[in-house]
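Each chain, written out:
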Amino acid sequence: MFSNLFRYSIMSFKRQRAYIVINILGLSIGIACSLLIALFVLNEASFDRYNAKKDRIFRTILNGKIGGQEITIATSAAVMGPTMLREFPEIEDFLRMTGWGPTVVEYKDQTFTEEHLVEADSSFFNFFSIPVIKGDPKNLLNAPRKAVLSESTAKKIFGNEDPIDKAIKLGNDTTRYIVSGIMSDIPGNTHFEANILVSFMTNPRANSTLWLNNSFSTYLLLKPNTSHVTVDEKIPDMIVKYVGPEVQKLMGISIDDFAAQGNKYRFFLQNLCDIHLDPSIQQEFKDASDPKYLLIFGSIAILIVLIAAINFMNLATAQASRRAKEVGIKKVGGSTRGMLVTQFLSESFILSFISLILALVIIKVTLPYFNNLLGANLELGLFARWYTIPVLLVFTLFVGFLAGSYPAFFLSSFSPIEVLKGTVKGSMQNGRLRRILVVFQFAVSILLITGTLVMYRQIFFMLNKDVGFNKEQMLVINRAGALESRVEAFKDAVKEIPGVINIASSTAVPGRNNNNNGYGLEGGKEESFLMTTSWIDYDYIDTYGMTLAEGRNFDKSFTSDRQACIINESAAKNFGITDIENARFMKPDQSGNFTYLQVIGIVKNFNFQSLRYPIQPYVFCFKGDDNLWGYVTVRLSAQNYQQTITEIENRWKEFTSNDPLQYYFVDEDFEQMYSQEKQNAQMAVIFSILAIFVAGLGLFGLTSFTVEQRTKEIGIRKAMGSSVTGIYFVISREIILLVSISALIAWPLIYFIADKWLENFYFKINPGVFSFISGLAIAILIALSTISFRIIKAARVNPAHSLKYE
């Protein structure tokens, strides 16, 4: 029986060659899109899950609020881990980590720049399942100035030479580090990157007992069968015990009074596997991904498969009148409805498996581009896991059943008597279900088009908004500390270079803020505000082109300016400052005394971080001669800037003993802030185009069938004097109507989704009418482009030939 059904299926395929090609192409694109998105989603969800102890590893998270400003960040004090190990019986071990940023590595006469250097406790390999190639995992980082290199980094620095016990210079540290071990490269699906690990105890603050100095990431390994909830419940008492006295000393109030003023200072635990998908927490290492995007792209994958399946349904039911006679004859010949259902489903399954093979070829070809777009290393890995192929087969069967079930049951329901009377053909001309399915397809297409337009408009807005300072032609040099005390001399030397407009030094620059401090206002309420702090020189405000709303810049003729500050408008508003001459900030120091800073100016608000966030209070303090770390910013002329950079590099080498110059441009750095949005928008464009293409394939097939069914009608209209344009309008107006109905269905849904997505940004566009009308216009244009060739071709046929058509 099954051999006969298979033979019938093959014969049926031969009679429907064009429609089969359309179905296979649509299904293969749908399956390929689904698999690519599944690879992306699974990769994002797999972060840190390779660690054997993942369920027992937790990171401490600080949630603080002061003066109405709240921050949630993955840092804590160096003393926290050792204290919790000592006092909490649930804790088995602790690990502290912090990143160095770009670091110069020297070995013999070779110099390298390492972007990912991390300080870590000796317990690192007890937490993370990173294989150690050389060395004893327990002793790799158990003494100061020990270094562990990744396998690829060791190869880059030492070549074929054995790195163990070799001395390397890191950064400005004059004491060499000894290579104690080699580890495997850390997997890409880890929430941090580290090519070099150095012992945490080398850090001067490793043994600090200050609880309010939160600068490090702290990880805790819980004992087996221990709940993190138990540990969370004990943390508040620890805060009262250790943080309370420091708050009392610095602010003169108890921690209870501090909390009563609406402030907050608490810690909680976050599981290792939750780190990568929690963007609400500020990260020290890799930025977290927003799980909303996984939901969005997962939904897109489902919708594209549905569009492809709908194509199959539409084309199959549209040809029902053709296959009615086949069904009637088979039923007269003794075939049961079950046998016919099996035959039609077999056809669907065969097409699905052919589509799967083509989809795998598509993925193989496009995966490198997809990886380049995402900055990922996705692999299909058909044979990497035993369940991959079975899952693909089950998925293919599901797609085949989804696409073929309705046509199978619909076609097999025909009565032989109705077929022989010709009543089936007449009943098939209505096509109400097909219209509904076409509306659904284009509703999805319009949703994707409009959503993509909104995303791109928001990205364009963020990249082109006036951020309150000049970010064009601004070159920022990292590692200003390499200049040591010669920063001013370096600035004077660079100013002499033609093409250099201005130059300034600072501890932070817009987009790379690294210090938050609490300040009080002398004579004001007994409350403090958290302000982002940067120490700058006399040239900083002018170099960045910031505008003073009130007061003046730092001035060399005022020696008192070394104990002064400039704030932004948000800080003035939060503190209620209306007269800067009578405004002095109080900044507590570690001894419990206060440093007083006279406010001498207010700069207009500027976006010093992503446009996702509102502009928070900001304070500029004067950068003294003893403050050597940070950045040097050079404002360049647009002419011959490459030659200017070469000259700056030569000056840098003169001042830093031939150290490599590490720099970036502010505008490119700001653009990098929105890399996730840009990647997701590009993905949305790609999948929107594919979804529309698949929908267009189905529409082309349906139009071809419609034109074929209406051949005589077209001939009669032409014989009666209708023009090609008139016939085109008669046939295409239904499509225009269906696409318009699709827009009415899609618009409320996309407005809701776009509004929710835009909530991620404090500075944002209004979705407006433009994106919605444009989405409809593009959909209509695509639909008409799809069907025009087929309609015009039919309309230009000689009426005599059309009237003979049967």
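Residues numbered from 1 in each chain as written. Predicted model: local features only at pLDDT ≥ 70, side-chain atom pairs only at ≥ 80, totals over all residues. Heavy atoms only, no water.

It is worth spelling out helix H5 (residues 151-158) at this point. Looking at H5, one finds that the buried residues are Thr153, Ala154, Ile157 and Phe158. Within H5, the buried residues cover an arc of 105° as seen down the axis, which keeps them to one side. The inward-facing, buried residues of H5 abut strand E4 (103-107), strand E5 (110-114), strand E8 (146-150), strand E9 (167-170), strand E10 (177-183) and strand E11 (196-199). Where H5 ends, the next residue or the one after it, Gly159, has phi of about 65°, a positive value. (Buried < 20%, exposed > 50% of the residue type's maximum accessible area, 1.4 Å probe, protein only. Helix = DSSP H or I, 4+ residues; strand = E, 2+ residues; numbered from the N terminus. Arc of directions from axis to C-beta. Contact = heavy atoms within 4.5 Å.)

Here we come to helix H19 (residues 666-673). Along H19, the residues classified as buried are Val666, Asp669, Phe670 and Met673. On an axial view of H19, the arc spanned by its buried residues comes to 100°, and they lie on one face.

Time to look at the pattern of salt bridges. The tally for this structure, following the rule as stated, stands at 18 salt bridges. Three or more residues joined by partner-sharing salt bridges are found here, namely Glu488, Lys491, Lys495, Asp537 and Asp539. (Salt bridge = Lys/Arg side-chain N within 4 Å of Asp/Glu carboxyl O.)

What follows is about the layout of surface pockets. In this structure, the second largest pocket spans a volume of roughly 540 Å³. Taken together, 23 residues form the lining of the second largest pocket, with Ile296, Ile300, Leu447, Ile750 and Ile753 sitting closest to its centre. For the lining of the second largest pocket, the secondary structure elements donating two or more residues are helix H8 (291-318), helix H14 (432-464), helix H20 (675-709) and helix H22 (724-758). Residues belonging to the lining of the second largest pocket are distributed by class as follows: 17 nonpolar, 4 polar and 2 charged. (1 Å grid on protein atoms, 1.4 Å probe; cavity = no way out; pocket = protein on both sides within 12 Å on 5 of 7 lines; lining within 4 Å. Points joined across faces, edges and corners; volume = space filled by probe spheres on them. Nonpolar A, V, L, I, M, F, W, Y, C, P; charged D, E, K, R; others polar.)

Geometry of a packed helix pair, given as the angle between the helix axes and the separation of the axes. Where helix H3 (residues 80-87) contacts helix H6 (residues 228-251), the two axes come as close as 12 Å, and the packing angle between them is 115°. Like other packed secondary-structure pairs, H3 and H6 cross with a definite hand, here right-handed. Residues Met80, Thr83, Met84, Arg86 and Glu87 of H3 pack against Val231, Ile235, Met238, Lys241 and Tyr242 of H6. Per-class residue counts for the contact of H3 with H6 are 6 nonpolar, 1 polar and 3 charged. (Axes fitted to C-alpha atoms, helices over the stretch in contact; angles between N-to-C directions. Left-handed = near helix turned anticlockwise from the far one by under 90°.)

Glancing now at the side chain of Ser610. Within the element layout of this structure, Ser610 appears in the loop between strand E21 (594-603) and strand E22 (618-622). Classification of Ser610 by relative accessible area gives buried; the value is 4%. In this structure, Ser610 is in contact with Met673 and Tyr674, ignoring residues within four places of it in sequence.

For the rest of this paragraph, the subject is the packing of aromatic side chains. Enumeration over the complete set of coordinates arrives at 34 aromatic pairs. Between Trp747 and Phe772, the aromatic rings sit 6.5 Å apart at their centres with planes inclined by 85°, giving edge-to-face as the arrangement. Of this pair, Trp747 sits in helix H22 while Phe772 sits in helix H23 (residues 770-795), and the two are 25 residues apart along the sequence. Measuring from ring centre to ring centre gives 5.1 Å for Trp757 and Phe761, while their planes differ by 65°; the resulting arrangement is edge-to-face. Phe761 shares its class with Trp757; the two are buried. Taken together, the ring pairs in this structure connect Phe469, Tyr540, Tyr544, Phe606, Phe608, Tyr618, Phe620 and Phe670 into an aromatic cluster. Arg145 extends its terminal NZ or CZ atom over the ring of Tyr177, reaching a point 5.8 Å from the ring centre. When the ring centre of Phe763 is taken as origin, the NZ or CZ atom of Lys465, which lies over that ring, is 4.8 Å away. (Phe/Tyr/Trp six-rings, centres within 6.5 Å; stacked < 30°, edge-to-face > 60°. Lys NZ or Arg CZ within 6 Å of the ring centre and 35° of its normal.)

Another aspect to go through is the pairing of strand E2 (residues 69-73). Among the 5 residues in E2, 4 count as buried, and that is most of the element. In this sheet, E2 lies alongside strand E1 (residues 57-66) in antiparallel orientation, the contact comprising 5 bridges. If you follow Asn63 over to E2, its bridge partner there is Thr72. (Pairing = 2+ DSSP bridges.)

A separate point is the pairing of E21. By the bridge criterion, 3 bridges tie strand E18 (residues 548-551) to E21 in an arrangement that is antiparallel. By the bridge assignment for E21, Gly551 is matched with Gly601. Where strand E19 (residues 564-568) and E21 come together, 5 bridges link them in parallel fashion. Bridge pairing in E21 places Cys565 opposite Val599.

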